[in-house]
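So the chains spell out like this:
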Amino acid sequence: MKKFFGEGKQKIKKYDKLDIKYIAGFFDADGHCSISFVRPNSVKIEIGWCNNYQDILIKIREFFNNYGKMFVIVNDDERRKRPSYRYKIWRMNEVKEILQKMLPYLHIKRRQAELILEFIKSRTNHKKIRTPYTDYELKIIEELKKEHIKLRGERIYGRKIKK
């Protein structure tokens, strides 16, 4: 009798060409987006994917003009024999471009993507790079934290920033 997931290890289908709909669905499932404070008046905006199959992440990276970087996460846990892989994009203009392309096809992480795009739009309207955060931008960050908690079911803490 065949099991639902098949016998043995599952193989990932080799894709010669990915489309944005598939990538957006993969982002809804295995992707992340965040805004974190690195110092006063400076944030790091990041989107990315984490998966045990490096090949699919490489294909996604190639689809997005090799933006960002790939990382290997070595597992110290003996139950997990293989490493995990992470693909991250953090340059604001690249994050914006990718989220705008995926937005029409996102379902689960759509609100997070919209909030990050709003934040990027607000920050790029400032004439000075290190402009203090506006009340509107801080509100976006707080709403993004709430979205993370709603999706992940856990608290995410960030440093408090003085206005």
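Provided above is the structure to which this section pertains.
Small disclaimer: the values here were computed from a predicted structure and weren't measured.

Trainee: How do you make sense of the packing of aromatic side chains when you look at a structure like this?
Mentor: The description of an aromatic ring pair uses the distance of the two centres, along with the angle that the planes make with each other. Within this structure, the stated rule accounts for 7 aromatic pairs. On the basis of an interplanar angle of 15 degrees and a centroid distance of 6.1 Å, the ring pair of Tyr 22 and Phe 26 is categorised as stacked. Placement of the pair is Tyr 22 and Phe 26 together in helix α1 (residues 20-30), with a separation of 4 residues, close to one helical turn. Looking at Tyr 22, the relative accessible area reads 29%, which means it is partly exposed. With relative accessibility at 12%, the residue Phe 26 sits in the buried group. With a centroid separation of 5.3 Å and an interplanar angle of 70 degrees, the aromatic rings of Phe 27 and Trp 49 are classed as edge-to-face. Of the two residues, Phe 27 sits in helix α1 while Trp 49 sits in strand β2 (residues 42-51), which places them 22 residues apart along the sequence.

Trainee: Can you walk me through α1 in this structure?
Mentor: Note on helix geometry: an α-helix contains 3.6 residues per turn, so any two residues three or four positions apart are oriented the same way. Regarding α1, the residues found buried are Ile 20, Ile 23, Ala 24, Phe 26, Phe 27 and Asp 28. The elements touched by buried residues of α1 are β1 (31-39), β2, α2 (54-63) and α3 (92-102).

Trainee: Quick question: what am I supposed to make of the environment of Phe 26 here?
Mentor: For the pair formed by Phe 26 and Ile 56, sequence separation is 30 residues and the distance between their alpha carbons is 9.9 Å. Aside from chain neighbours lying at most four places away, what touches Phe 26 is Gly 31, Trp 49, Asn 51, Ile 56, Leu 57 and Ile 60.

Trainee: I tried to follow the sheet that holds β1 on my own but got confused; where do I start?
Mentor: Across a sheet, paired strands are connected by hydrogen bonds in the backbone, their directions being either parallel or antiparallel. On the basis of which strands lie adjacent, the open sheet formed by 4 strands has the order β1-β2-β4-β3 and antiparallel pairing. Two strands in the sheet have a free side with no partner beyond their single neighbour: β1 and β3 (69-73). Here the strands of the sheet are splayed against their neighbours by 30 degrees on average, with no regard to which way each runs. Of the pairings in the sheet, the one linking β1 to β2 comprises 8 bridges and is antiparallel in character. The residue bridging Ile 35 from the neighbouring strand is Ile 45, located in β2. Across the sheet, α2 is in contact with β2, β3 and β4 (84-89); its angle to β4 comes to roughly 15 degrees.

Cut-off values and rules
Residues numbered from 1 in each chain as written. Predicted model: local features only at pLDDT ≥ 70, side-chain atom pairs only at ≥ 80, totals over all residues. Heavy atoms only, no water. Phe/Tyr/Trp six-rings, centres within 6.5 Å; stacked < 30°, edge-to-face > 60°. Helix = DSSP H or I, 4+ residues; strand = E, 2+ residues; numbered from the N terminus. Buried < 20%, exposed > 50% of the residue type's maximum accessible area, 1.4 Å probe, protein only. Contact = heavy atoms within 4.5 Å. Pairing = 2+ DSSP bridges. Axes fitted to C-alpha atoms, helices over the stretch in contact; angles between N-to-C directions.

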